[in-house]
Amino acid sequence: MTAPATDRNTPLAARAGAPLRGRADIPGDKSISHRALLFGALATGRTRIRGLLEGHDVLATAAAARAFGAAVERAADGSWCVDGVGVGALLEPAAPLDFGNSGTGARLVMGLVGGHGITARFDGDASLRKRPMGRVLSPLESMGARVVACAEGGRLPLTLQGTQDPLPISYRLPVASAQVKSAVLLCGLNSPGTTTVIEPEPTRDHTERMLAHFGASLAISTDSDGARRIALAGRPQLRARDVVVPADPSSAAFPIVAALIVPGSAVTIPGVMVNPSRAGMIATLVEMGARITLSDRREDGGEPVADILVEAGPLNGIEVPAARAPSMIDEYPALAVAAAFAHGTTVMRGLSELKVKESDRLAAVAAGLAANGVEVRVEGDDLIVEGRGGRTGGVPGGGCVATHLDHRIAMAFLVMGLGTERPVIVDDSSMIATSFPDFVALMTRLGADISPVAAAEAAAAAGTAR
Ligand code: S3P
């Protein structure tokens, strides 16, 4: 696959160099940041959010919250204040809502619109316009919402007409998706009855935790087949609450893998969320032999957090079971890079959901590894990486990676280049600002060598990629 470099792209190159050392302060969790803004908009009173991720994705959700009538402001101390309008009282947005690159923002807000008597138009960038929305629209339609117009295949741009009296439904998730679960629950908030979501495989539970934090009444139980059942009583009075957003484990994954693969590195990362529904990556890396130490485990803003120390060292290939995928779904690009540096084969099973992220990540990761001299195979929904740990020539590098508007592809391969024999180029880095605006500066402070390259050089490297 070659990189479609254009004038608007900002290619970067990463090169091996000094060990990475010091402290990495990771920005706030993206999932929690979206939810804090939306729950703040649905509550009555003033919600204060500390540690909000100020990435493009979350700022698009802040704009949507404003369009619904909430007042959303950044205070001088860096915290954010949301003066909400209350469940059932969202205003109709006067203009189309543009979610940029953000599937989470678009899908969660569809839930809100679906459960209110308002109509909104949803749009996004080229990546978001390709992503499936039917998974959210279908349950919302059974609750009474109506898709007035949409692009082919139920995609963005689309116009959704909500209902002021959403039907309370019981919905069994056909895909392991926290976004779908959250959209149904958000729609059910304004329903006169109880909305139930059944998830056969547990997904991130931030919506449930935050609903409870804002005063909603939820009953969570386990069915006899092991499925998780979440029952939400409709029309609660949500009350404004303070929210502290912990560091995002999905962003922390990049300096963690970088510190593991660059010899001599030792990096501490304070206050990382270690909610079990998000902690699959750490468990997997530890199984691979990674030197990762968690300390000062505590609770912050209703979420478990810990400080993490990562030290470089050898990694071994392992098999990662499909059941673990929901707890580390956004971390596979970084994990695949770690696997390239491991001794032996790593098999990552059950990655079908990776195909519908900001890009087809299964294909993008495989292409990026291959472009940098790593033997890799996709077999059905499985990714198999032949690690080059201990092999002569290490991990070659020297390729240019097509990022397809996907922030995690860009960051994962920049991390890779910090440990390869030759530099790794990514064809674009502008979209890193969706989730981790400070990524390059933070990695540079740790000692990483990441620098701009001319678009022509990126195009030439893409042309010569093996
Ligand atoms: C998210 C859920 C996941 C994840 C995304 C954030 C959320 O998506 O990939 O980055 O905040 O609910 P899916 O629900 O599609 O698995």
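Only a predicted model underlies this, so the values are computations on that prediction, with no experimental measurement involved.

Chemist: Can you help me understand the domain arrangement of the protein in this one?
Modeler: When the parts of a complex come together, some accessible area is lost, and that lost area is often taken as the interface size. Along its sequence, the protein is carved into domain 1 (12–28 + 246–465) and domain 2 (30–166 + 178–190). Here the C-alpha centroids of domain 1 and domain 2 sit 29 Å apart. Contact with domain 1, which involves 18 residues of that partner, is made by 17 residues of domain 2. On the domain 1 side of the contact with domain 2, Glu358, Leu405 and Thr434 bury the most area, a combined 36% of that side's loss. Inspection of the region where domain 1 meets domain 2 yields 2 salt bridges. Put simply, Glu358 and Arg131 hold a salt bridge, and the shortest N to O gap is 3.8 Å.

Chemist: How should the site of the ligand be read in this particular structure?
Modeler: Taken together, the residues surrounding the ligand are Ser31, Arg35, Thr104, Ala176, Ser177, Ala178, Gln179, Arg204, Ile329, Asp330 and Lys357. Contact between the ligand and Arg35: an oxygen atom at 2.7 Å from a side-chain N or O atom of the residue. At 2.8 Å from an oxygen atom of the ligand is found a main-chain nitrogen or oxygen belonging to Gln179. Bound to the protein, the ligand loses 95% of the 380 Å² it would expose on its own.

Chemist: Honestly, the side chain of Thr196 in this entry has me stumped. Any pointers?
Modeler: Considering the arrangement of structural elements, one finds Thr196 in strand S11 (residues 194–199). Once you skip the residues sitting within four places of it in the chain, Thr196 turns out to touch Ile169, Ser170, Tyr171, Arg229, Ile230 and Ala231.

Chemist: Just to check I follow, could you spell out the pattern of salt bridges for this structure?
Modeler: Between side chains of opposite charge, a pair can form as their charged atoms come close. All told, the structure shown has 33 salt bridges when counted by the stated rule. Put simply, Asp330 and Arg204 hold a salt bridge, and the shortest N to O gap is 3.5 Å. You can see Asp330 sitting in the loop between strand S18 (319–320) and helix H10 (332–340) and its partner Arg204 sitting in the loop between S11 and helix H7 (206–213), a full 126 residues away along the chain. Like Asp330, the residue Arg204 is buried in the burial classification. Through salt bridges that share partners, Arg131, Arg204, Asp330, Glu358, Arg361, Asp406 and Arg408 make up one connected network.

Chemist: How do you make sense of helix H1 (residues 30–42) when you look at a structure like this?
Modeler: In this model H1 runs 19 Å from its N-terminal to its C-terminal C-alpha over 13 residues, within 8% of the 18 Å that 1.5 Å per residue would give. Among the 13 residues that make up H1, 13 are buried, leaving the element largely enclosed by the rest of the structure. Structurally, the start of H1 carries an N-cap: the backbone nitrogen of Ser31 is 3.2 Å from a side-chain oxygen of Asp29.

Chemist: What is the right way to read the packing of helix H8 (residues 249–261) against H10 from this model?
Modeler: H10 packs onto H8 with a crossing angle of 5° between their chain directions and a minimal axis gap of 9 Å. Considered as vectors, H8 and H10 are oriented roughly parallel to each other. Taken together, the residues of H10 that come into contact with H8 (itself represented by Ala253, Phe254, Val257 and Ile261) are Ala334, Val337 and Ala338.

Chemist: Can you walk me through the sheet that holds strand S7 (residues 119–123) in this structure?
Modeler: What holds strands together in a sheet is hydrogen bonding between their backbones, with the strands either parallel or antiparallel. The strand order across the open sheet built from 4 strands is S6-S7-S9-S8, with neighbouring strands paired in mixed fashion. Each of the sheet's edge strands pairs with one partner strand only, and the pair in question is strand S6 (97–98) and strand S8 (146–151). Relative to strand S9 (residues 155–161), S8 runs antiparallel, the two being bridged by 5 bridges. Across the sheet, residue Ala149 finds its bridge partner in S9, namely Thr159.

Quick notes on the rules
Residues numbered from 1 in each chain as written. Predicted model: local features only at pLDDT ≥ 70, side-chain atom pairs only at ≥ 80, totals over all residues. Heavy atoms only, no water. Domains from an automatic or database assignment. Contact = heavy atoms within 4.5 Å. Buried area = accessible area lost by both parts, 1.4 Å probe. Salt bridge = Lys/Arg side-chain N within 4 Å of Asp/Glu carboxyl O. Near = heavy atom within 4 Å. Polar contact = N/O pair within 3.5 Å; in protein donor to acceptor, adjacent residues only side chain to side chain. Areas by Shrake-Rupley, 256 points an atom, 1.4 Å probe, with all protein chains shown as cover. Helix = DSSP H or I, 4+ residues; strand = E, 2+ residues; numbered from the N terminus. Buried < 20%, exposed > 50% of the residue type's maximum accessible area, 1.4 Å probe, protein only. Expected span 1.5 Å × (residues − 1). Axes fitted to C-alpha atoms, helices over the stretch in contact; angles between N-to-C directions. Parallel < 35°, antiparallel > 145°, perpendicular 65-115°, else oblique. Pairing = 2+ DSSP bridges.

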